[in-house]
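# Notes for the structure review
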Amino acid sequence: MIARIEIHLDSPVPPFEQVRAQLETLIRHGALADGSKLPTVRALAGDLGLAAGTVARAYRELEAAGLIRTARRSGSTVVAPSGPAAPHAPGGDALPLPEPVASALEDLLAVARRHGVDAQTLSSAILAR
């Protein structure tokens, strides 16, 4: 089991999205390295107390995003992203962020997603401070 995944059934965020977002964060932060084997859909679903279809949907979305690769006989493995997604200024230019800030930002985004807060709402809240 991937010990860091927590499902909050009282959250407005659907369980498949909680799984997807948390796995994405683990992959992007390097906690799940390129080539790491993920648990089978059934194993992770059992560990988390979810239906297999819920975890399968999360895996499908991660595969569509290019973060995992699934093969019938070998299961699902992590495909490390080529680099961290850089935040962009309103004009489209990338803003340089020190690594601790970029990492904290990714953590904040993951927490916000788990609680149903989208990036635009989060951005508005930050700008209001």
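To keep things clear, this report deals only with the structure shown in the data block. As the structure is a prediction and not an experimental result, all values here were calculated from the model. (Residues numbered from 1 in each chain as written. Predicted model: local features only at pLDDT ≥ 70, side-chain atom pairs only at ≥ 80, totals over all residues. Heavy atoms only, no water.)

## A short note on the overall build of the chain
The helix and strand inventory of the chain stands at five helices and two strands. Along the chain, helices and strands appear, N-terminal first, in the series α-α-α-β-β-α-α. Counting every position in the chain, which comprises 129 residues, the buried fraction comes to 31%. At a minimum sequence separation of 6, the contacts of the chain that also span at least 24 residues come to 51%. Summed over its atoms, the accessible surface of the chain is roughly 8,000 Å², and 56% of this surface lies on carbon and sulfur atoms. (Helix = DSSP H or I, 4+ residues; strand = E, 2+ residues; numbered from the N terminus. Buried < 20%, exposed > 50% of the residue type's maximum accessible area, 1.4 Å probe, protein only. Contact = heavy atoms within 4.5 Å. Areas by Shrake-Rupley, 256 points an atom, 1.4 Å probe, with all protein chains shown as cover.)

## Quick word on the packing of helix H1 (residues 15-28) against helix H3 (residues 52-64)
At a minimum axis distance of 8 Å, the contact between H1 and H3 shows a crossing angle of 45°. As far as their axial angle goes, H3 and H1 are oblique. Here H1 and H3 pass one another in a crossing that is right-handed. For the pair H1 and H3, contact is made by Pro 15, Phe 16, Glu 17, Val 19, Arg 20, Leu 23 and Glu 24 and by Thr 54, Arg 57, Ala 58, Tyr 59, Glu 61 and Leu 62, respectively. Its residues assigned to classes, the contact of H1 with H3 shows seven nonpolar, one polar and five charged. (Axes fitted to C-alpha atoms, helices over the stretch in contact; angles between N-to-C directions. Parallel < 35°, antiparallel > 145°, perpendicular 65-115°, else oblique. Left-handed = near helix turned anticlockwise from the far one by under 90°. Nonpolar A, V, L, I, M, F, W, Y, C, P; charged D, E, K, R; others polar.)

## Thoughts on H1
Taking 1.5 Å of rise per residue, 14 residues should cover 20 Å, and H1 covers 20 Å from first to last C-alpha, within 8% of that figure. Here H1 has its buried residues at Phe 16, Glu 17, Gln 18, Val 19, Arg 20, Ala 21, Gln 22, Leu 23, Glu 24, Thr 25, Leu 26 and Ile 27. On its buried side, H1 packs onto helix H2 (41-48), H3, strand E1 (68-71), strand E2 (75-78) and helix H4 (99-114). Backbone geometry just downstream of H1 places Gly 30 in the positive-phi region, at approximately 85°. (Expected span 1.5 Å × (residues − 1).)

## Thoughts on the pattern of salt bridges
The tally for this structure, following the rule as stated, stands at four salt bridges. With its nearest N and O atoms 2.4 Å apart, the salt bridge here joins Glu 24 to Arg 20. Of the two residues, Glu 24 and Arg 20 are both situated in helix H1; the distance of four residues between them amounts to about one turn of the helix. Each member of the pair, Glu 24 as well as Arg 20, is classed as buried. For the salt bridge of Arg 57 with Glu 61, the shortest nitrogen-to-oxygen distance reads 3.4 Å. Of this pair, Arg 57 and Glu 61 both sit in helix H3, four residues apart, which is roughly one turn of that helix. The exposure class of Glu 61 is partly exposed, given its relative accessible area of 30%. (Salt bridge = Lys/Arg side-chain N within 4 Å of Asp/Glu carboxyl O.)

## Section: the packing of aromatic side chains
Counted under the stated rule, the structure contains zero aromatic pairs. Just above the ring of Phe 16 sits the side chain of Arg 57; from NZ or CZ to the centre is 3.6 Å. (Phe/Tyr/Trp six-rings, centres within 6.5 Å; stacked < 30°, edge-to-face > 60°. Lys NZ or Arg CZ within 6 Å of the ring centre and 35° of its normal.)

## As for the environment of Thr 25
Assignment of secondary structure puts Thr 25 in helix H1. Since its relative accessible area comes to 15%, Thr 25 is described here as buried. Linking Thr 25 and Ser 103, residues 78 residues apart in sequence, is a C-alpha distance of 9.7 Å.

## Describing the pairing of E2
Summarising the sheet, E1 and E2 pair through four bridges and their orientation is antiparallel. The residue of E2 that forms the bridge with Thr 70 is Ser 76. (Pairing = 2+ DSSP bridges.)

## A closer look at the side chain of Gln 18
Secondary-structure assignment places Gln 18 in helix H1. Within the structure, Gln 18 has its side chain in polar contact with the backbone oxygen of Val 13 (distance 2.8 Å). If we skip the residues at most four places from it in the chain, Gln 18 touches Glu 6, Ile 7, His 8, Ser 11 and Val 13. (Polar contact = N/O pair within 3.5 Å; in protein donor to acceptor, adjacent residues only side chain to side chain.)

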